[in-house]
Amino acid sequence: MAKRLSFCDERKVDPARHLRLLARAAVFSALLVHGGCSSLPSSGPSNALARMDQVDPAALPYAMVKVTPDIENILERNSVRIGRVFIDRRGPAEIRFGIGDTVSVTIFEAAAGGLFIPVDAGVRPGNYVTLPNQPVDTQGNITVPYAGPIKAQGRTAVQVQTAIVNALKNRALEPQAVVALVDQKASSISVLGEVGTPSRFPANAAGERLLDAISRAGGPRNPGYDTFVMLEREGRQATAPFGSLLNDPTNNIFVRPQDTIYVFTQPQTFVAFGASGQQGQFGFGAWRLSIAEALGKTGGLNDNLADPASVYLYRGERREVAEQLGVDCSRFSGPVVPVIYNLNLRDPAGYFLATKFEIHNKDVIFSSNSTSVESSKLLTYLRLITATVNDPLMAAVNAYTVKGLATGLGGTTVVNTTSSVK
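What this report covers is the structure whose coordinates are included nearby. (Residues numbered from 1 in each chain as written. Predicted model: local features only at pLDDT ≥ 70, side-chain atom pairs only at ≥ 80, totals over all residues. Heavy atoms only, no water.)

### Points about the pairing of strand β9 (residues 199-202)
Stated formally: Note: two strands are recorded as paired if DSSP finds a minimum of 2 bridges between them. Elements are defined by DSSP. Helices are runs of H or I of four residues or more, strands are runs of E of two residues or more, and each kind is numbered from the N terminus.
Pairing of strand β8 (residues 188-193) with β9 involves four bridges; the strand directions are antiparallel. Along β9, the bridge assignment pairs I189 with F201. A loop of five residues connects β8 with β9, the two strands running antiparallel in sequence.

Pasting the structure below:
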């Protein structure tokens, strides 16, 4: 009597075919591993891709620099400060006459009967004559009777007095001159921008520093940590945070006549991505911020995700600074070189470096995932693949099993070949 076959004989569900499908899935997964898991979801480059020792530096469109004490010293020396651009450390500038200044001239003679004092002048408190106030003309001169044009532009009061005396000494009786600045127009300082009272005022002969000039204009209107000061002098400019004038006296230099001071507000921000506590854009909240403080603002590194040895800071450095950092700039064009700084916080010394490394406005901080996290992602992805292949097969087997039970054939066994029993 022939053995009765079940429904599985007709479909011939072959376990070997199932294994072959799983093997193919395993091969596909191995290719993913070999390809560096580049198809796995991530918020940025993996720590292996960003490491300097894993890639050819010449092939990268950026420069990789590991943060060391020497690197921090180079960056500190090249930080933009007013005191580093204007290195003149002289005291207050002498007030010199300029075009438009109003000058008074008083001339003394030793006795009456001279050039300016007649013999019959009568009783006088002194043998002198005061000339009408006059402006320095467009040629830079003032006019003194019997002396002609006297150069005043660019000279101090003492120098103009000497020039007048030299011009009159052969005609007047032991002449002496006193020159005074009545209305100061040329030797002025301009303070503009976000201050209490933007204005242009005469330079003080006693000397003023940047903070003094800003105070005369009413002081800054906005919080100091977001306020910057730009000084323009003789075609050169330098900018520094307002806080640096208070904390670093070398920046609070003496102002000079014709200086222009511009006070403006520029909120400083940085961006954090990757395995940090929070991601997004953050404000400095201070005029100076270290990378340690920046990481603290983001909630630190995520203990479940981050690789402490793979903290990166993205910045465009000036070409001259990049050269001092040891970067081969020949492969980069333009004045700005893209640089990625690598900070290793797995080394305890890295935390001391982090407290000194100053971040700049618009810097980007990226904390890479640990290798174990990437492996976990891969294993999860592999499980998804195998489940995708296995689940339809198991569903089919279960469906036919239920069908067999419903037709009363649930007690039969599955066979792979057709046979007969005699």
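### Details of the sheet that holds strand β16 (residues 336-343)
Note the following rule: Only the stretch in contact is used when fitting a helix axis, every axis being a line fitted to C-alpha atoms; angles between N-to-C directions are given from 0 to 180 degrees.
Taken in spatial order, the six strands make up an open sheet running β1-β16-β15-β17-β13-β14, and their pairing is mixed. Strands with a single pairing partner mark the edges of an open sheet, and in this sheet they are β1 (63-66) and β14 (280-283). Within the sheet, the average angular offset between the axes of one strand and its neighbour, ignoring direction, is 25°. Direction of pairing for strand β15 (residues 306-318) relative to β16: antiparallel, over a ladder of eight bridges. Looking at the pairing, G316 lines up with P338 of β16.

### Points about helix α4 (residues 69-77)
Spelled out, the test is: Each residue is assigned to one of three classes by its accessible area relative to the maximum for its type, calculated with a 1.4 Å probe on protein chains only: buried under 20%, partly exposed between the two thresholds, exposed over 50%. Directions pointing from the helix axis toward each C-beta atom define the arc. The criterion used for residue contact is that any of the two residues' heavy atoms lie within 4.5 Å.
Residues I71, E72, I74 and L75 constitute the buried set of α4. The buried side chains of α4 occupy one side of the element, clustering within an arc of 160° when seen end-on. In this structure, the buried side of α4 is in contact with β1, β15, α10 (319-324), β16 and α11 (349-356).

### Describing the packing of α4 against α11
To keep it simple, the criterion reads: The labels follow the angle: roughly parallel below 35 degrees, roughly antiparallel above 145, roughly perpendicular from 65 to 115, and oblique for the rest. All residues other than Ala, Val, Leu, Ile, Met, Phe, Trp, Tyr, Cys, Pro, Asp, Glu, Lys and Arg, Gly among them, are scored as polar; the first ten of these are nonpolar and the last four charged.
Two numbers describe how α4 lies on α11: the axes approach to 10 Å, and their chain directions differ by 0°. What the angle tells us is that α4 and α11 run roughly parallel. Residues P69, E72 and N73 of α4 pack against L353, A354 and K356 of α11. Residues belonging to the contact of α4 with α11 are distributed by class as follows: three nonpolar, one polar and two charged.

### Considerations on α11
Turning to α11, its buried residues number three or more, namely G350, L353 and A354. All buried residues of α11 project into a common sector of 105° when viewed along the axis, lining one side. Residues of α11 that are exposed and point over 90 degrees away from its buried face: F352 and K356. Elements in contact with the buried residues of α11: α4, α9 (291-297) and β16.

### Looking at the environment of R256
Here R256 lies in the loop between α8 (242-247) and β12 (260-265). The exposure class of R256 is buried, given its relative accessible area of 10%. Not counting residues up to four positions away in its chain, the partners in contact with R256 are D88, R90, G91, P92, A93, I189 and R233.

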